[in-house]
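# Structure at a glance
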Amino acid sequence: EQVSFETDGFSVFAIVGIVIEKTVLASDGKNYRITVTYAPEANLPDDVDLSVIELEQGDREFIHYLEESAARLGKEVEDISYARIFDISLVSKNDQDMHYQPEADVAVSIELIDADENMIENLKVLHISDNNEVDVLDASADGNALNFLADSFSIYPIVDDDGENARIGYRFWYNDGTQDVLLST
């Protein structure tokens, strides 16, 4: 991208962006680099840190968020051929229980370090807010990275719902009314 502007005199201008990133070795054996870039307008404290936790396939939370994502996309869980779900948070370096939200949009990049570029083009990024609202984000593919703007942090599913190479889903219901979905790999 290019930034340009006009001025009546010569001055030194700087574009300030603060970058924090984490690399996660996910349960699929692949590395994912999550990067957040923000400007002072985000009004985040100096001790802000990035926390990234993968929700794994066997977890009930994973199943819940996968079902929510599939429903938002108008699909069945079995139509999802790829899914990774991350809980992304901005936290205090001194107290991981202290969570922050930006006051302005921040740039987020999720790089699938070990992925084939052709795979990236089919992926969708969703955001599931703390009140369970599901949004499909306008993410752009750039090499092995998915880039988007975020105004809050919580659950971010990354899915491929094209149906190609879809996995077989097994649904289990329990006596307490809960259920699980297990997907073949």
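The coordinates are above.
Notes on the structure follow.

Rules behind the numbers
Within each chain, residues carry numbers counting from 1 in the order of the written sequence. Totals for whole chains, interfaces and linings use every residue, but because this is a predicted model, local features are given only for residues with pLDDT of at least 70 and side-chain atom pairs only at 80 or more, for both listing and counting. Only hydrogens and water are set aside; all other atoms, that is, all heavy atoms of the structure, feed into the side-chain values. To define a nonpolar core, start from buried Ala, Val, Leu, Ile, Met, Phe, Trp, Tyr and Cys residues and group those joined through side-chain atoms within 4.5 Å. The buried label applies to any residue whose accessible area, calculated with a 1.4 Å probe on protein chains only, is under 20% of its type's maximum; exposed applies above 50%, and partly exposed to all values in between. Here a strand is any run of E in DSSP of at least two residues, a helix any run of H or I of at least four, and the numbering for each starts at the N terminus. Residue contacts follow a heavy-atom distance rule, with two residues in contact if any of their heavy atoms lie within 4.5 Å. For two strands to be treated as a pair, DSSP must find at least two bridges joining them. Axis definition: a line fitted to C-alpha atoms, limited for helices to the stretch in contact. Angles are taken between N-to-C directions and run from 0 to 180 degrees. A pair is scored as a salt bridge if a Lys or Arg side-chain nitrogen falls within 4 Å of a carboxyl oxygen belonging to Asp or Glu.

### Quick look at the nonpolar core
In terms of nonpolar packing, the biggest core is built from 31 residues, with L112 and F153 touching the most fellow members. Residue assignment for this core shows that the elements contributing at least two residues are β1 (18–25), β2 (31–38), β3 (48–55), β4 (82–92), β6 (106–112), β10 (145–150) and β11 (155–160). Among all residues touching F153, those that are not within four sequence positions of it are V36, I88, S89, L90, Q101, P102, V106, V108 and H127.

### Points about the sheet that holds β6
In space, the five strands of this open sheet follow the order β1-β2-β6-β10-β9, with antiparallel pairing throughout. On the outer flanks of this sheet lie β1 and β9 (140–142), each paired with one strand and no other. Ignoring which end each strand starts from, the neighbouring axes of this sheet average 20° apart. Two strands pair when backbone bridges link them, and β9 and β10 are joined in this way by three bridges, in the antiparallel orientation. Opposite A141, over in β10, you have L146 as the bridge partner.

### Topic: the pattern of salt bridges
Charged atoms that come close allow side chains of opposite charge to pair. With the rule as written, the count across this model stands at six salt bridges. D28 is the salt-bridge partner of R84, the closest N and O atoms lying 3.0 Å from each other. With R84 in strand β4 and D28 in the loop between β1 and β2, this pair connects stretches of sequence that are 56 residues apart. Of the residues examined, R84 reaches a relative accessible area of 10% and is grouped as buried. Of the charged contacts, one joins R33 and E111 as a salt bridge, the two residues approaching to 2.6 Å between their closest N and O atoms. In this pair, R33 sits in strand β2 while E111 sits in strand β6, placing the two residues 78 residues apart along the sequence. Among the residues examined, R33 registers a relative accessible area of 25% and is labelled partly exposed. By relative accessible area, which is 24% here, E111 ends up partly exposed. Three or more residues are tied together by salt bridges with common partners; here these are E21, R33 and E111.

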